[in-house]
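These are the residues of each chain, in order.
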Amino acid sequence: MSDSRAEDEAAVQAVLVDSYKAWEAGDAEGMVANYTADATAIMTGSLRDSRDAIRENMALAFEGPLKGSSTYNKQLSLRFVGEDAAIVVTESGILFDGQTEVPDAGKVNATWVLEKREGQWLIAAYHNSPMLTPVQQ
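Remember, it's a predicted structure, so these values are computed and weren't measured experimentally. All residue numbers refer to positions counted from 1 along the written sequence of the respective chain. Reporting of local features is limited, given that this is a predicted model, to residues whose pLDDT is at least 70; pairs of side-chain atoms are given and counted only at 80 or more, and all residues count toward the totals for whole chains, interfaces and linings. Only heavy atoms go into the side-chain values, all of them from the structure, while hydrogens and water stay out.

Q: If you had to explain the pattern of salt bridges to someone new, which residues and values would you point to?
A: Any Lys or Arg side-chain nitrogen located within 4 Å of an Asp or Glu carboxyl oxygen qualifies as a salt bridge. Enumeration over the complete set of coordinates arrives at 8 salt bridges. The shortest N-O distance in the salt bridge between Arg-117 and Asp-38 comes to 3.3 Å. In this pair, Arg-117 sits in strand 5 (residues 108-117) while Asp-38 sits in strand 1 (residues 35-43), placing the two residues 79 residues apart along the sequence. Residue Arg-117 is classed as partly exposed on the basis of its relative accessible area, which comes to 32%. Lys-107 serves as the salt-bridge partner of Asp-104, at 3.5 Å between the closest nitrogen and oxygen. What emerges from the salt-bridge pattern is a single network uniting Arg-5, Asp-8 and Lys-116. In DSSP terms, a helix is any run of H or I states spanning at least four residues, a strand is any run of E spanning at least two, and both are numbered starting from the N terminus. The buried label goes to any residue with under 20% of its type's maximum accessible area, the exposed label to any with over 50%, and the partly exposed label to all in between, with areas taken from a 1.4 Å probe on protein chains only.

Right under this line is the structure:
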């Protein structure tokens, strides 16, 4: 990997870490600070079609069911698509107040699409889907 890709990889990961930290702080504005204005977030049963919609939804959630929560995120892959796009796949989940582990049933596979705009990496899209628990025999 060239130095510029190593720098880009570090910058992409920093964007995600900033978002995770803002979630932990219950800071909806900080969580979407590195989202594009036209970002989308798709989660089971919902579509949020702008940074503003994502922020508003998260602010309500941080006041209610997500109050005191944090996230678990394990990066599974990061790949670049051309010069100005990156796709990150994570295993993720919500750690509700008092939890130390995300139950298997609460884990999701998530895809983050980032775009480099004017030299800054931004989240352009997020999508998650529940993980299927392997059938035990």
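There is more to say after this.
Q: Describe the nonpolar core, listing the residues and the values that go with them.
A: We define the nonpolar core as a collection of buried residues of types Ala, Val, Leu, Ile, Met, Phe, Trp, Tyr and Cys that are connected through side-chain atoms lying within 4.5 Å of one another. Core analysis: the biggest nonpolar cluster contains 27 residues, and Tyr-35, Met-58, Trp-112 and Leu-114 have the highest contact counts within it. Of all the secondary-structure elements, those providing two or more residues to this core are helix 1 (3-24), helix 2 (28-31), strand 1, helix 3 (51-63), strand 4 (85-95), strand 5 and strand 6 (120-130). A per-element tally of this core places helix 1 first, with 6 residues. Beyond its immediate sequence surroundings of up to four residues, Leu-114 is in contact with Val-12, Val-15, Asp-84, Ala-85, Ala-86, Val-88, Trp-121, Leu-122, Ile-123 and Ala-124. By definition in these notes, contact holds between two residues if any of their heavy atoms fall within 4.5 Å.

Q: Describe the sheet that holds strand 4, naming the residues involved and giving the relevant values.
A: Taken in spatial order, the 6 strands make up an open sheet running 2-1-6-5-4-3, and their pairing is mixed. Looking at the sheet topology across the chains shown, the edges are occupied by strand 2 (46-48) and strand 3 (70-80). Direction aside, the axes of adjacent strands within the sheet are offset by 20 degrees on average. A pair of strands is considered paired only if DSSP assigns at least 2 bridges between the two. Across 8 bridges, the pairing between strand 4 and strand 5 is antiparallel. Bridge pairing in strand 5 links Val-88 to Trp-112. Helix 3 contacts strand 1 and strand 2 of the sheet and is inclined by roughly 55 degrees relative to strand 1. Simply put, an axis is a line fit to the C-alpha atoms, just over the touching stretch for a helix, and the angle between two N-to-C directions goes from 0 to 180 degrees.

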